[in-house]
Amino acid sequence: VAAALILFIALVTAAAASMDAPRISKEELKSRLGDKNVVIIDVRIDSDWAMSDSKIKGAVREEPLQVASWAGKYPKNKTIVLYCA
C-alpha cells in the first residue's frame, strides 16, 4: 500500500509539473525520428514496458521514479521527449 501511495504521489506531482511542458504530436514525433537533436526517453514502469509490443526504435529506457539519477546526463541543447504510452 505504501509503495502504491508513493507512486501515486509521484505521478500526480509529475503530472502537475508537466502541465507547463510543451507537447509534441505523434505526427510531429514521427517526422523527427532519427533526428540527432531529439532524444526520446521511454519512462514507463518496468511491467508496462516489458509487456508492451509498442516501443519507439531508438528510444532510451529510464526508470520513471529515478529522474534525479538520470536527468542530468542528457544534453540541454537537444529536444527531450518523454513518453509513457
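Below or above, wherever it landed, is the structure these notes cover. (Residues numbered from 1 in each chain as written. Predicted model: local features only at pLDDT ≥ 70, side-chain atom pairs only at ≥ 80, totals over all residues. Heavy atoms only, no water.)

**Some thoughts on the overall build of the protein chain**
Right, so step 1: Secondary structure summary: the protein chain contains 4 helices and 3 strands in total.
Right, so step 2: Secondary structure elements in the protein chain, listed N-terminal to C-terminal, are α-α-β-α-β-α-β.
Right, so step 3: Here the protein chain holds 85 residues, and the buried ones make up 16% of them.
Right, so step 4: Across the protein chain, every contact between residues at least 6 apart in sequence was considered, and the portion connecting residues at least 24 apart equals 51%. (Helix = DSSP H or I, 4+ residues; strand = E, 2+ residues; numbered from the N terminus. Buried < 20%, exposed > 50% of the residue type's maximum accessible area, 1.4 Å probe, protein only. Contact = heavy atoms within 4.5 Å.)

**Thoughts on the packing of aromatic side chains**
Right, so step 1: For the structure on display, the rule yields 1 aromatic pair.
Right, so step 2: Between Trp 70 and Tyr 74 the ring centres are 6.1 Å apart and the planes differ by 80°, which places this aromatic pair in the edge-to-face class. For the pair Trp 70 and Tyr 74, one class covers both residues: buried.
Right, so step 3: Taking the ring centre of Trp 49 as reference, the NZ or CZ of Lys 55 above it sits at 4.4 Å. (Phe/Tyr/Trp six-rings, centres within 6.5 Å; stacked < 30°, edge-to-face > 60°. Lys NZ or Arg CZ within 6 Å of the ring centre and 35° of its normal.)

**Some points on the pattern of salt bridges**
Right, so step 1: Counting across every chain of the model gives 6 salt bridges.
Right, so step 2: For the salt bridge of Arg 44 with Asp 42, the shortest nitrogen-to-oxygen distance reads 2.6 Å. Note on accessibility: Arg 44 and Asp 42 belong to one class, buried.
Right, so step 3: Salt-bridge contacts for Lys 73 lead to Glu 62; the nearest nitrogen and oxygen are separated by 3.0 Å. You can see Lys 73 sitting in the loop between α4 (67-70) and β3 (79-83) and its partner Glu 62 sitting in the loop between β2 (60-61) and α4, a full 11 residues away along the chain.
Right, so step 4: Residue Glu 62 is classed as buried on the basis of its relative accessible area of 10%.
Right, so step 5: It is possible to trace a salt-bridge network through shared partners that takes in Glu 28, Arg 32 and Asp 35. (Salt bridge = Lys/Arg side-chain N within 4 Å of Asp/Glu carboxyl O.)

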